[in-house]
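# Observations on the model geometry
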Amino acid sequence: MQEFDFYLNLKKPTLGLYVRKGAGLPDLATPQEWQFDGHVWESELTPVILAELNKNAHAFQELGA
(Lines give C-alpha, C1' and ligand atoms only; values in the text may rest on other atoms or scores of the structure.)
Protein backbone atom coordinates (compact mmCIF):
# COMPACT_ATOMS: atom_id res chain seq x y z
CA MET A 1 0.00 0.00 0.00
CA GLN A 2 1.31 3.42 -0.94
CA GLU A 3 2.04 6.13 1.62
CA PHE A 4 1.80 9.89 1.04
CA ASP A 5 3.13 12.95 2.84
CA PHE A 6 0.58 15.49 4.03
CA TYR A 7 1.22 19.22 4.42
CA LEU A 8 -0.92 22.02 5.85
CA ASN A 9 -0.86 25.55 4.53
CA LEU A 10 0.24 27.87 7.35
CA LYS A 11 -1.60 30.88 5.89
CA LYS A 12 -4.77 28.93 5.19
CA PRO A 13 -4.95 26.00 7.66
CA THR A 14 -8.02 24.56 5.94
CA LEU A 15 -5.95 23.74 2.85
CA GLY A 16 -4.03 20.48 2.72
CA LEU A 17 -1.60 19.10 0.18
CA TYR A 18 -0.76 15.45 -0.47
CA VAL A 19 2.41 14.39 -2.28
CA ARG A 20 4.15 11.09 -2.82
CA LYS A 21 6.18 10.10 0.24
CA GLY A 22 9.59 11.75 0.19
CA ALA A 23 8.84 13.98 -2.82
CA GLY A 24 8.96 17.21 -0.80
CA LEU A 25 7.73 20.50 -2.22
CA PRO A 26 10.32 21.48 -4.87
CA ASP A 27 7.81 22.83 -7.41
CA LEU A 28 5.88 25.17 -5.13
CA ALA A 29 6.60 28.89 -5.42
CA THR A 30 6.19 29.33 -1.65
CA PRO A 31 7.17 26.06 0.07
CA GLN A 32 7.76 27.96 3.34
CA GLU A 33 3.97 28.37 3.62
CA TRP A 34 3.54 24.61 4.04
CA GLN A 35 4.19 22.54 7.16
CA PHE A 36 4.63 18.78 7.13
CA ASP A 37 1.83 17.21 9.16
CA GLY A 38 2.46 13.48 8.78
CA HIS A 39 1.81 10.54 6.53
CA VAL A 40 -1.39 8.98 5.20
CA TRP A 41 -2.02 5.66 3.53
CA GLU A 42 -3.81 5.46 0.21
CA SER A 43 -6.69 3.62 1.91
CA GLU A 44 -7.35 6.79 3.95
CA LEU A 45 -7.84 8.97 0.87
CA THR A 46 -10.92 9.51 -1.27
CA PRO A 47 -10.99 8.20 -4.85
CA VAL A 48 -10.92 11.80 -6.13
CA ILE A 49 -7.74 12.62 -4.19
CA LEU A 50 -6.11 9.35 -5.32
CA ALA A 51 -6.95 10.12 -8.95
CA GLU A 52 -5.34 13.57 -8.62
CA LEU A 53 -2.25 12.05 -7.00
CA ASN A 54 -1.94 9.50 -9.81
CA LYS A 55 -2.43 12.18 -12.47
CA ASN A 56 -0.35 15.04 -11.02
CA ALA A 57 1.79 13.49 -8.23
CA HIS A 58 0.10 15.94 -5.82
CA ALA A 59 -3.40 16.87 -4.71
CA PHE A 60 -4.86 19.79 -2.81
CA GLN A 61 -7.83 19.36 -0.48
CA GLU A 62 -10.07 21.83 1.32
CA LEU A 63 -10.35 20.45 4.83
CA GLY A 64 -13.35 22.41 6.03
CA ALA A 65 -13.51 24.86 8.85
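Structure: see above.
Treat the numbers as computed from the prediction; the structure is a model and nothing was measured.

Each value, and the rule that gives it
- Residues numbered from 1 in each chain as written.
- Predicted model: local features only at pLDDT ≥ 70, side-chain atom pairs only at ≥ 80, totals over all residues.
- Heavy atoms only, no water.
- Phe/Tyr/Trp six-rings, centres within 6.5 Å; stacked < 30°, edge-to-face > 60°.
- Helix = DSSP H or I, 4+ residues; strand = E, 2+ residues; numbered from the N terminus.
- Buried < 20%, exposed > 50% of the residue type's maximum accessible area, 1.4 Å probe, protein only.
- 1 Å grid on protein atoms, 1.4 Å probe; cavity = no way out; pocket = protein on both sides within 12 Å on 5 of 7 lines; lining within 4 Å.
- Points joined across faces, edges and corners; volume = space filled by probe spheres on them.
- Arc of directions from axis to C-beta.
- Contact = heavy atoms within 4.5 Å.

## What to know about the packing of aromatic side chains
- Following the criterion strictly, the structure yields 3 aromatic pairs and no others.
- Aromatic pair tyrosine 7 and phenylalanine 36: ring centres 5.6 Å apart, planes at 70°, arrangement edge-to-face. Here tyrosine 7 is found in strand 1 (residues 3-9), whereas its partner phenylalanine 36 is found in strand 3 (residues 34-41), with 29 residues between them in sequence.
- Judged by its relative accessible area of 10%, tyrosine 7 falls in the buried class.

## Details of the layout of surface pockets
- Here the largest pocket defines a volume of roughly 220 Å³.
- Lining the largest pocket, in full, are Leu17, Val19, Ala23, Gly24, Leu25, Pro26, Asp27, Leu28, Asn56, Ala57, His58 and Phe60.
- Going through the elements one at a time, strand 2 (15-20) and strand 4 (58-62) are the ones with two or more residues in the lining of the largest pocket.

## Brief notes about helix 1 (residues 47-56)
- Looking at helix 1, one finds that the buried residues are Ile49, Leu50 and Leu53. Viewed end-on, helix 1 has its buried residues packed into an arc of 100°, placing them on one side of the element. Seen from the buried face of helix 1, the exposed residues on the opposite side, beyond 90 degrees, are Pro47, Val48 and Lys55.
- Next to the buried residues of helix 1 lie strand 1, strand 2 and strand 4.
- Looking one or two residues past helix 1, alanine 57 carries a phi angle of roughly 70°, positive in sign.

## What about the environment of tryptophan 41?
- By secondary structure assignment, the location of tryptophan 41 is in strand 3.
- Spatially, the C-alpha atoms of tryptophan 41 and methionine 1 are 7.0 Å apart, while their sequence positions differ by 40 residues.
- Excluding anything up to four places from it in sequence, tryptophan 41 contacts Met1, Gln2 and Glu3.

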